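A structural walkthrough
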Amino acid sequence: MTFLVAGCSPEFSGSSGPSPVGTDAPVIVPGSPGAPARTASPGERIGQAPAAAVAADVRFAEGMIPHHRQALEMASLVQARTTTRTVRSFARRIAATQTPEIRAMAGWLRELGRTPPDTHTHADAAGYGMATQKELNALRAARGTAFDRLFLQLMTRHHEGALRMADEQLASGADQRMRLLAKDVYSGQSIEIARMRKALEALR
């Protein structure tokens, strides 16, 4: 979500459109992720009215929530089944990033008056690298190096599916929050895919 930090102004008109920057107080304009903020110029018009959510935004959130939940389910198996530090690190990172993303998407859906998918609903994310029940059972049964190999294979495919979902959202979505989240998913999981492929190669 993008925020503007500004001093209160008695000239605020309540308009929903972009507003000009006055000269009484500085307005800080956040940069893109990783970029520094800047101070707006006097008279500069800040922010367009946010675009209304479209079907692609809803589809992304309702599909990515169960997709993320399965990733968390797979990551939760790691601690008891392997001592490999690299694999454990992947699991911790997945939990740290995807748990808050689930909360953000669920909250956004509730704001629209929609009920977020429950824990066991996977239909909207089917075909996007999701593990089958047979594969999950095999992962639960594996230990040591066999677990590491299967976990990395399944999670790499799972992440690749998330990239496709993010691509689709960025191509057709309109809501700024969902677009930013899709960009974060694409960036973070692309990096993890590359790292997991290297880890998998090291096991061979």
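Residues numbered from 1 in each chain as written. Predicted model: local features only at pLDDT ≥ 70, side-chain atom pairs only at ≥ 80, totals over all residues. Heavy atoms only, no water.

Within the chain, the regular secondary structure consists of six helices and four strands. In sequence order, the secondary structure elements of the chain are arranged as β-β-β-β-α-α-α-α-α-α. Across the 204 residues that make up the chain, the buried fraction comes to 36%. Relative to all contacts within the chain whose residues are 6 or more apart in sequence, the contacts with residues 24 or more apart total 74%. When the accessible surface of the chain is split by element, carbon and sulfur atoms take 54% of a total near 11500 Å². (Helix = DSSP H or I, 4+ residues; strand = E, 2+ residues; numbered from the N terminus. Buried < 20%, exposed > 50% of the residue type's maximum accessible area, 1.4 Å probe, protein only. Contact = heavy atoms within 4.5 Å. Areas by Shrake-Rupley, 256 points an atom, 1.4 Å probe, with all protein chains shown as cover.)

It is worth spelling out the packing of helix 3 (residues 85-111) against helix 5 (residues 144-172) at this point. Two elements in contact, helix 3 and helix 5, have axes separated by 11 Å at closest approach and are oriented at 35°. Where helix 3 crosses over helix 5, the two elements pack in a sense that is left-handed. Every residue of helix 5 that contacts helix 3 at Val87, Phe90, Ile94 and Gln98 is listed here: Phe147, Asp148, Phe151, Leu152, Met155 and His159. Residue composition of the contact of helix 3 with helix 5, by class: seven nonpolar, two polar and one charged. (Axes fitted to C-alpha atoms, helices over the stretch in contact; angles between N-to-C directions. Left-handed = near helix turned anticlockwise from the far one by under 90°. Nonpolar A, V, L, I, M, F, W, Y, C, P; charged D, E, K, R; others polar.)

This brings us to the side chain of Thr82. By the element assignment, Thr82 lies in the loop between helix 2 (78-81) and helix 3. At 2.6 Å, the side chain of Thr82 and the side chain of Asp148 are in polar contact. Apart from the residues within four sequence positions on either side, Thr82 is in contact with Val87, Arg88, Gly144, Phe147 and Asp148. (Polar contact = N/O pair within 3.5 Å; in protein donor to acceptor, adjacent residues only side chain to side chain.)

Quick look at the confidence of the model for the chain now. Confidence in the prediction for the chain averages 83 pLDDT; 72% of positions are at 70 or higher. Looking at the elements of the chain, mean pLDDT is at its lowest for strand 1 (residues 19-20), recorded as 45, and at its highest for helix 2, recorded as 98. With pLDDT under 50 throughout, residues 1-23 is counted as low confidence; its partners more than four residues away or in other chains account for 37 contacts. (pLDDT = per-residue confidence, 0-100.)

Next up on the list: helix 6 (residues 176-203). Between the first and last C-alpha of helix 6 there are 41 Å, a value that for 28 residues agrees with the 40 Å anticipated at 1.5 Å per step. Met178, Leu180, Leu181, Ala182, Val185, Gln189, Glu192, Ile193, Met196, Ala199 and Leu200 are the residues of helix 6 that are buried. Packed against the buried residues of helix 6 are helix 1 (55-75), helix 3 and helix 5. (Expected span 1.5 Å × (residues − 1).)

Let's shift gears to the nonpolar core. Counting 21 residues, the largest nonpolar core has Met74, Leu139, Phe147, Phe151, Leu152 and Met155 as the members making the most contacts within it. The set of elements that each furnish at least two residues to this core consists of helix 1, helix 3, helix 4 (133-141), helix 5 and helix 6. In terms of residues, this core owes the most to one element, helix 5, which gives five residues. When residues no more than four places from it in sequence are discounted, the contact partners of Phe147 are Leu77, Val78, Arg81, Thr82, Val87, Leu139 and Ala142. Counting 18 residues, the second-largest nonpolar core is a separate cluster that includes Trp108, Ala166, Met178 and Leu181. (Core = buried A, V, L, I, M, F, W, Y, C linked by side-chain atoms within 4.5 Å.)

Residue placement: Asp167 occurs in helix 5. Between the alpha carbons of Asp167 and Lys183 there is a distance of 8.6 Å; along the sequence they are 16 residues apart.

Note on aromatic pairs: each is described by the distance of the centres and the angle between the planes. Counted under the stated rule, the structure contains one aromatic pair. Taking the centre distance of 5.8 Å and the plane angle of 20° together, the rings of Phe147 and Phe151 count as stacked. Here Phe147 and its partner Phe151 are both found in helix 5, four residues apart, which amounts to about one turn of the helix. Judged by relative accessible area, Phe151 falls into the buried class, the value being 0%. (Phe/Tyr/Trp six-rings, centres within 6.5 Å; stacked < 30°, edge-to-face > 60°.)

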